[in-house]
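Architecture at a glance
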Amino acid sequence: MGMVTPPLDQFFAFSEADILIQRGDYDGAEAATQRGAEMLDQFKFEDLKFLVEMIQGYIQRERGDYAGSSVGFRAALERINHSVLGGSELYRELPRLNAELAESLVGVGDLERAEKALAEGFKLDPSEPLLWVSKARFQFASGLPQLAQASVNYALAIWKDADPEFYHLNEAQSLEQEIRLSLTD
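Residues numbered from 1 in each chain as written. Predicted model: local features only at pLDDT ≥ 70, side-chain atom pairs only at ≥ 80, totals over all residues. Heavy atoms only, no water.

1. Here we look at the nonpolar core
This is how the line gets drawn: Here the nonpolar core consists of buried residues drawn from Ala, Val, Leu, Ile, Met, Phe, Trp, Tyr and Cys, with membership extended through side-chain atoms lying within 4.5 Å. Accessibility here uses a 1.4 Å probe with only protein chains present; expressed as a share of the type maximum, an area under 20% marks a residue as buried, one over 50% as exposed, and anything in between as partly exposed. By definition in these notes, contact holds between two residues if any of their heavy atoms fall within 4.5 Å.
Counting residues in each nonpolar core, the largest one holds 47 residues, and the members touching the most others are Phe14, Phe50, Met54, Leu97 and Trp159. In this structure, methionine 54 is in contact with Gly72, Phe73, Ala76 and Leu97, ignoring residues within four places of it in sequence.

2. Looking at the pattern of salt bridges
Heads up, the rule is: Salt bridges are defined as contacts in which a side-chain nitrogen from Lys or Arg sits within 4 Å of a carboxyl oxygen from Asp or Glu. Numbering of helices and strands runs from the N terminus; a helix is a DSSP stretch of H or I covering at least four residues, while a strand is a stretch of E covering at least two.
Tallied over the full model, the rule gives 17 salt bridges. Residue glutamate 16 pairs with arginine 35 through a salt bridge whose shortest N-O separation is 2.5 Å. Here the residue glutamate 16 occupies a position in helix H1 (residues 13-22), and arginine 35 occupies one in helix H2 (residues 26-43), the gap between them amounting to 19 residues. What makes glutamate 16 partly exposed here is its relative accessible area of 22%. Within the structure, one salt-bridge network assembled from shared partners comprises Arg61, Glu100, Glu103, Arg137 and Glu171.

3. Brief notes about helix H4 (residues 66-81)
Within an α-helix, residues lying three or four positions from one another point in the same direction, as the helix has 3.6 residues per turn. Cut-off, in case you're wondering: An expected span of 1.5 Å times one less than the residue number is assigned to each helix. Along the arc lie the directions from the helix axis toward the C-beta atoms.
Its 16 residues give H4 an end-to-end C-alpha distance of 22 Å, which sits within 8% of 22 Å, the value for a rise of 1.5 Å per residue. Buried within H4 are the following residues: Ser69, Ser70, Gly72, Phe73, Ala76, Leu77 and Ile80. All buried residues of H4 lie within an arc of 160° about the axis, which places them on one face of the element. Each element contacted by the buried residues of H4 is listed here: helix H3 (50-62) and helix H5 (94-108).

4. Brief notes about the environment of leucine 97
Structurally, leucine 97 can be placed in helix H5. Considering only alpha carbons, one finds leucine 97 and valine 84, 13 residues apart in sequence, at a separation of 18 Å. Contacts of leucine 97, omitting those with residues within four sequence positions, involve Met54, Phe73, Ala76, Leu77 and Ile80.

5. Some remarks on unusual backbone geometry
Phi at lysine 44 takes a positive value of approximately 60°, unusual for a residue other than glycine. By the secondary structure assignment, lysine 44 is in the loop between H2 and H3. Its relative accessible area of 61% is what places lysine 44 among the exposed residues.

6. Some thoughts on the packing of aromatic side chains
Using the following cut-off: Between 30 and 60 degrees the pair is tilted, below 30 it is stacked and above 60 it is edge-to-face, where a pair is any two Phe, Tyr or Trp rings, Trp via its six-membered ring, whose centres lie within 6.5 Å. Whether a charge sits over a ring comes down to the Lys NZ or Arg CZ being within 6 Å of the ring centre and within 35 degrees of the ring normal.
Evaluated as defined, the whole model comprises five aromatic pairs. Here the aromatic rings of phenylalanine 43 and phenylalanine 45 are separated by 5.8 Å at their centres, their planes lie at 20°, and the arrangement is stacked. Directly above the ring of phenylalanine 122 sits lysine 135, whose terminal nitrogen or CZ lies 5.3 Å from the centroid.

7. Brief notes about the packing of helix H6 (residues 111-124) against helix H7 (residues 129-141)
Defined as follows: Only C-alpha atoms enter the line fits that serve as axes; for helices the fit covers just the stretch in contact. Angles between N-to-C directions range over 0 to 180 degrees. With respect to orientation, any angle under 35 degrees is reported as roughly parallel, any angle over 145 as roughly antiparallel, any angle of 65 to 115 as roughly perpendicular, and every other angle as oblique. Crossings are sorted by hand: turned counterclockwise from the far helix by less than a right angle, the near helix makes the crossing left-handed, and turned clockwise it makes it right-handed. Three classes are used: nonpolar for Ala, Val, Leu, Ile, Met, Phe, Trp, Tyr, Cys and Pro, charged for Asp, Glu, Lys and Arg, and polar for all others, with Gly counted as polar.
Axis separation between H6 and H7 bottoms out at 10 Å; the angle between their running directions is 155°. Here H7 runs roughly antiparallel to H6, going by the angle between their axes. In this structure, the crossing between H6 and H7 has a hand that is left-handed. Listed contacts from H7 to Leu111, Ala114, Glu115, Leu118, Gly121 and Phe122 of H6 are Leu131, Trp132, Ser134, Lys135, Phe138 and Ala141. Tallied by class, the residues present in the contact of H6 with H7 amount to eight nonpolar, two polar and two charged.

8. Thoughts on H2
Heads up, the rule is: In protein, a polar contact requires one atom able to donate a hydrogen and another able to accept it; more generally it is a pair of N or O atoms within 3.5 Å, and residues adjacent in sequence count only if both atoms are side-chain atoms.
Counted at 1.5 Å a residue, the expected span for H2 with its 18 residues is 26 Å, and the 26 Å between its end C-alpha atoms agrees. For H2, the complete set of buried residues consists of Tyr26, Gly28, Ala29, Ala32, Thr33, Gly36, Ala37, Met39 and Leu40. In this fold, the buried residues of H2 make contact with H1 and H3. Residue aspartate 25 occupies the N-cap position of H2, its side-chain oxygen lying 2.8 Å from the main-chain nitrogen of glycine 28. Looking one or two places after H2, you find lysine 44, whose phi comes out positive at around 60°.

Below, the structure is given as structure tokens:
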């Protein structure tokens, strides 16, 4: 960030927030997100405000507030769906955001809405591994561990060549182990 002159350095605020979330510094992530939101307001980048809502969704989920997290992810999805940047790169985020929304809804126990979020995501990209991991969480919470095992294994097959430190890979491996252990009990 020191190499980029203000105000352009503020464009890194959302990346900084993501890093801080991974480090468990949720207050710092909120502060970085606020700086990013101010920059978006300053430059009138309305269509990028989904970043604020998305990051808030991640922060809330990490804090255990699944209901608040689902509000953030749903708002991000709505903003992208109503964006004037049709056909842009933003639409590529929709399947992953549906996966994140479904995960938060499973966390709060709203399986019906989680299933709808998954269906929407799969309509957009049935090969998105995060959707398969979220589907596995949904199936596991629904009492279908064998189906959950198959879904998480599908995601792991897609990520077979992924960096072993990749966060989502590690999450999927943990879920796979949890499901496997439940099947042996």
